[in-house]
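Chain by chain, the residues run as shown.
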Amino acid sequence: MTETTTNAMWGGRFAAGPDAIMEAINASIGFDKRLAKQDIDGSRAHAAMLAATGILSDSDAEAIREGLLTVLSEIEGGSFRFSTALEDIHMNVEARLKEVIGEPAGRLHTGRSRNDQVATDFKLWVRDQIDAAIAGLEALMRALLAQAEAGADWVMPGFTHLQTAQPVTWGHHMMAYVEMFARDRSRFIDARARMNECPLGAAALAGTSFPIDREMTARALGFDRPAANSLDAVSDRDFALEFLAAASICAMHLSRFAEELVIWSSAQFRFVRLSDRFSTGSSIMPQKKNPDAAELIRAKIGRIFGANVALMTVMKGLPLAYSKDMQEDKEQVFDAADNLMLALAAMEGMVRDMSANRAALEAAAGSGFSTATDLADWLVRVLGLPFREAHHVTGALVAMAEQGGVDLPDLSLEQMRSVHPGITADIFDVLGVHNSVASRMSYGGTAPEQVRAQVARWKEQLA
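No experiment lies behind these values; they were computed from the predicted model shown.

## Quick word on the overall build of the chain
Helices and strands together make up the secondary structure of the chain, namely 20 helices and 6 strands. Here the chain has a C-alpha radius of gyration of 31 Å; the compact-globule value for 463 residues is 23 Å, and the former is much larger. With the C-alpha coordinates aligned to their principal axes, the bounding extent of the chain is approximately 100 × 55 × 40 Å. Across the 463 residues that make up the chain, the buried fraction comes to 48%. Looking at the chain alone, contacts between residues at least 24 apart form 73% of all its contacts between residues at least 6 apart. Within the structure as shown, the chain displays about 21700 Å² of accessible surface, and the carbon and sulfur contribution to it stands at 53%. Within the chain, the 60 negative side-chain charges are centred at a point lying 1 Å from the centre of the 45 positive side-chain charges.

## Thoughts on the pattern of salt bridges
A pair can form between side chains of opposite charge whenever their charged atoms are brought close. Counted according to the given criterion, the structure contains 26 salt bridges. In this structure, the salt-bridge partner of Glu242 is Arg194, at a minimum N-O distance of 2.4 Å. Linking Glu242 in helix H11 (residues 238-264) with Arg194 in helix H8 (residues 170-195), this pair joins segments that are 48 residues apart in sequence. Between Arg298 and Glu259 there is a salt bridge whose closest N-O contact spans 2.5 Å. One end of the pair, Arg298, is in helix H12 (residues 292-315); the other, Glu259, is in helix H11, and 39 residues separate them in sequence. For Arg298, a relative accessible area of 30% translates into the label partly exposed. For Glu259, a relative accessible area of 32% translates into the label partly exposed.

## A word on the side chain of Arg112
Within the element layout of this structure, Arg112 appears in the loop between helix H6 (89-101) and helix H7 (114-150). In this structure Arg112 is buried but unpaired, with Glu94 as the nearest side chain of opposite charge at 5.0 Å. A distance of 3.1 Å separates the side chain of Arg112 from the side chain of His109, its partner in a polar contact.

## A few points about a nonpolar patch on the surface
On the surface, Leu205, Leu231 and Leu320 cluster together into a nonpolar patch covering about 270 Å² of accessible area. Examined against the element boundaries, Leu231 turns out to sit in helix H10 (residues 230-235). According to the relative accessible area criterion, Leu231 is partly exposed, its value standing at 32%.

## A word on the pairing of strand E2 (residues 163-169)
The pairing of strand E1 (residues 155-160) with E2 spans 6 bridges and is classified as antiparallel. Each residue of the ladder has a partner; that of Gly158, found in E2, is Gln166. Where E1 folds back onto E2 in an antiparallel hairpin, the turn is made up of 2 residues, including His161, whose phi is positive at roughly 60°.

## Brief notes about the packing of H7 against helix H13 (residues 330-353)
At their nearest, the axes of H7 and H13 sit 9 Å apart, and the two run at 15° to each other. The orientation of H7 relative to H13 falls into the category roughly parallel. Classified by chirality, the crossing of H13 by H7 is left-handed. Broken down by class, the residue content of the contact of H7 with H13 amounts to 19 nonpolar, 3 polar and 4 charged.

## Focus: the environment of Ile189
Tracing the backbone through its elements, the reader meets Ile189 in helix H8. Along the chain, Ile189 and Ala294 lie 105 residues apart, while their C-alpha atoms are 26 Å from each other.

## Digging into the packing of aromatic side chains
Scanning the entire structure with this criterion turns up 11 aromatic pairs. Aromatic pair Phe122 and Phe334: ring centres 6.4 Å apart, planes at 85°, arrangement edge-to-face. One end of the pair, Phe122, is in helix H7; the other, Phe334, is in helix H13, with 212 residues separating them in the sequence. For the residue pair Phe122 and Phe334, the accessibility class agrees, reading buried in each case. These aromatic residues form a ring-pair network of at least three members: Phe159, Trp170, Trp264, Phe269 and Phe271. Over the aromatic face of Phe223 sits the side chain of Arg127, whose NZ or CZ is 4.8 Å from the ring centroid. Residue placement shows Lys330 over the ring face of Phe122; its charged tip is 5.6 Å from the ring centre.

## Topic: the nonpolar core
Core analysis: the largest hydrophobic core is formed by 101 residues, its most contacted members being Trp170, Phe188, Leu254, Phe257, Trp264 and Met347. Here the element with the most residues in this core is H11; it accounts for 16 residues. What Leu254 contacts, discounting residues up to four positions off in sequence, is Leu140, Phe181, Ile297, Leu340, Ala343, Leu344 and Met347. Of all hydrophobic cores here, the second largest spans 19 residues; its members include Leu375, Leu397, Leu411 and Val430.

Scoring rules and cut-offs
- Residues numbered from 1 in each chain as written.
- Predicted model: local features only at pLDDT ≥ 70, side-chain atom pairs only at ≥ 80, totals over all residues.
- Heavy atoms only, no water.
- Helix = DSSP H or I, 4+ residues; strand = E, 2+ residues; numbered from the N terminus.
- Rg over C-alpha atoms; globule rule 2.2 N^0.38 Å.
- Buried < 20%, exposed > 50% of the residue type's maximum accessible area, 1.4 Å probe, protein only.
- Contact = heavy atoms within 4.5 Å.
- Areas by Shrake-Rupley, 256 points an atom, 1.4 Å probe, with all protein chains shown as cover.
- Lys, Arg positive; Asp, Glu negative; His and termini not counted.
- Charge placed at Lys NZ, Arg CZ, Asp CG, Glu CD.
- Salt bridge = Lys/Arg side-chain N within 4 Å of Asp/Glu carboxyl O.
- Polar contact = N/O pair within 3.5 Å; in protein donor to acceptor, adjacent residues only side chain to side chain.
- Patch = residues over 30% accessible without salt bridge, like charges linked within 9 Å, V, L, I, M, F, W, Y side chains within 5 Å.
- Pairing = 2+ DSSP bridges.
- Axes fitted to C-alpha atoms, helices over the stretch in contact; angles between N-to-C directions.
- Parallel < 35°, antiparallel > 145°, perpendicular 65-115°, else oblique.
- Left-handed = near helix turned anticlockwise from the far one by under 90°.
- Nonpolar A, V, L, I, M, F, W, Y, C, P; charged D, E, K, R; others polar.
- Phe/Tyr/Trp six-rings, centres within 6.5 Å; stacked < 30°, edge-to-face > 60°.
- Lys NZ or Arg CZ within 6 Å of the ring centre and 35° of its normal.
- Core = buried A, V, L, I, M, F, W, Y, C linked by side-chain atoms within 4.5 Å.

The following block contains the structure:
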């Protein structure tokens, strides 16, 4: 039987036989080459430690250091040739290092394994992504603060169930997202602090008999300390899972805001105008201006959620310590990180460029009997009615206004007194939307004064 016939079930791509199939499923260089800088940083720190502890001669350490810089330069310059036969980034770098400096390259792997090497590389990469996410969130928060400060006293409808509820201010709405993204930022900060333990020196799973200095390599790579258990160090991927969990919550917040921008920019709402930089036109309808960037941000959450579930599924049944399953940890995280950073950058750009339609916001703020709660509160505060009775009176007045096709402020005093004789002309002072928002002075409320205080607090924190 010919080999082509034997392997027909695998298709033309694998006509070369089982060896080609094994190479294809085993190799990770197609994606883990993204870890090149982290891999070389880890190797440089390891070589310096081997020299400092006398395990490696100074001359070999210097040759390795220079050789690694040459390899990094080739990778960054695009001239490096990656080989799937060498499986992964670690072996590709080591093979090229041997070509560059010869025999000393073989001593670099003393006192370590690919297991602790990949765990270290991946932690360094995820840590860099966390730093980028924090920076992206802070930029987005600053853009939201600028919007909030400009519109601290602009009135708009606040919604529940996407139905008009009570008037709020544009600034207050923007500040709600500042708070959400601030919590996302704190989750990334917490995750970074928790993950900042160095796996290097854990070797394959049991540590090493060489007199290495793990504190030295941890410091050199910016970790707070070496990981305390070698089994855990090489088999832990919860740092990646925690990154994905924080990314998923952040993406959910981005998606919620993107949904609002899609609604607000529609012809039916006209609350905001998105800039041309973050909109597209229609191929057939010349009047259209589509909020494509917001829609794509809204869709990104599926990939980020999916990455979180995928890696959870990979890790859930693995015994200690390392299993080859863990090679499937990186692509999910790479994709999620790429899409999170893109979504953050796009949202920050949209928020900076967008302009709120103050007139449309104010017109909508007064619709839908949005000051009904203010009326009920006045009945309680001024007339001393129990809130349930005030609620009933207000409901009757809303029904009267609705039947007459007017809003609450348009009812006459006589009409109001027909429902409750104690109502006075002072009631009209609370029925305007500006009066309504100005009265919400409780901490965290929508009053412009409160909004400006929160803006100032966050500007100081982000300074």
